Amino acid sequence: MKGDRVEIVIDAGGSPRTYEISATRAGRRVEIATRRGLVEVSEVTRGGTPVRTARFMSSRVLALVEHPADERDQRADDA
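Residues numbered from 1 in each chain as written. Predicted model: local features only at pLDDT ≥ 70, side-chain atom pairs only at ≥ 80, totals over all residues. Heavy atoms only, no water.

Draft legend 1. The arrangement of the pattern of salt bridges in detail. Overall, the coordinates contain seven salt bridges when judged by the stated rule. Residues Arg5 and Glu20 are paired through a salt bridge, measuring 3.0 Å at the closest nitrogen-oxygen approach. Of this pair, Arg5 sits in strand β1 (residues 5–11) while Glu20 is found in strand β2 (residues 16–22), placing the two residues 15 residues apart along the sequence. A relative accessible area of 30% places Arg5 in the partly exposed class. In this structure, the salt-bridge partner of Asp11 is Arg60, at a minimum N-O distance of 3.7 Å. Here Arg60 lies in the loop between β5 (50–57) and β6 (61–67) and Asp11 lies in strand β1, a separation of 49 residues in the sequence. Classification of Arg60 by relative accessible area gives partly exposed; the value is 38%. When salt bridges that share partners are traced, they join Arg28, Glu43 and Arg52 into one network. (Salt bridge = Lys/Arg side-chain N within 4 Å of Asp/Glu carboxyl O. Helix = DSSP H or I, 4+ residues; strand = E, 2+ residues; numbered from the N terminus. Buried < 20%, exposed > 50% of the residue type's maximum accessible area, 1.4 Å probe, protein only.)

Here's what the structure looks like:
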């Protein structure tokens, strides 16, 4: 849903780096998958087509925080 976002904190060898992937349009969502030592975060359309994808080595991921969109904000945008 528009407004959903995922924040990823990575160990960059000295100082942590933060990346953010968010659903930028109505009908899009953010999906997280863990495969073969990788964490993959994708912004996906209604039909399931990935728009943007970020891949990180799972051994480097310090934190992965999901921030769901506030339903009250969505209702105000629709009105």
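Draft legend 2. Region of interest: the pairing of β2. In terms of strand pairing, β1 meets β2 through seven bridges, oriented antiparallel. Note that in β2 the partner of Ile8 across the bridge is Tyr19. Once β1 ends, the chain turns through four residues before running back antiparallel as β2, passing Gly13 with a positive phi of about 75°. (Pairing = 2+ DSSP bridges.)

Draft legend 3. Local environment of the side chain of Asp4. For Asp4, the location among the structural elements is in the segment before β1. Comment: no salt bridge for buried Asp4; closest opposite-charge side chain is Arg29, at 8.3 Å. Separated by 2.8 Å, the side chain of Asp4 and the backbone nitrogen of Ala69 make a polar contact. Sequence-distant contacts of Asp4, defined by excluding residues within four places in its chain, comprise Ile21, Ser22, Ala23, Val30, His67, Pro68 and Ala69. (Lys, Arg positive; Asp, Glu negative; His and termini not counted. Polar contact = N/O pair within 3.5 Å; in protein donor to acceptor, adjacent residues only side chain to side chain. Contact = heavy atoms within 4.5 Å.)

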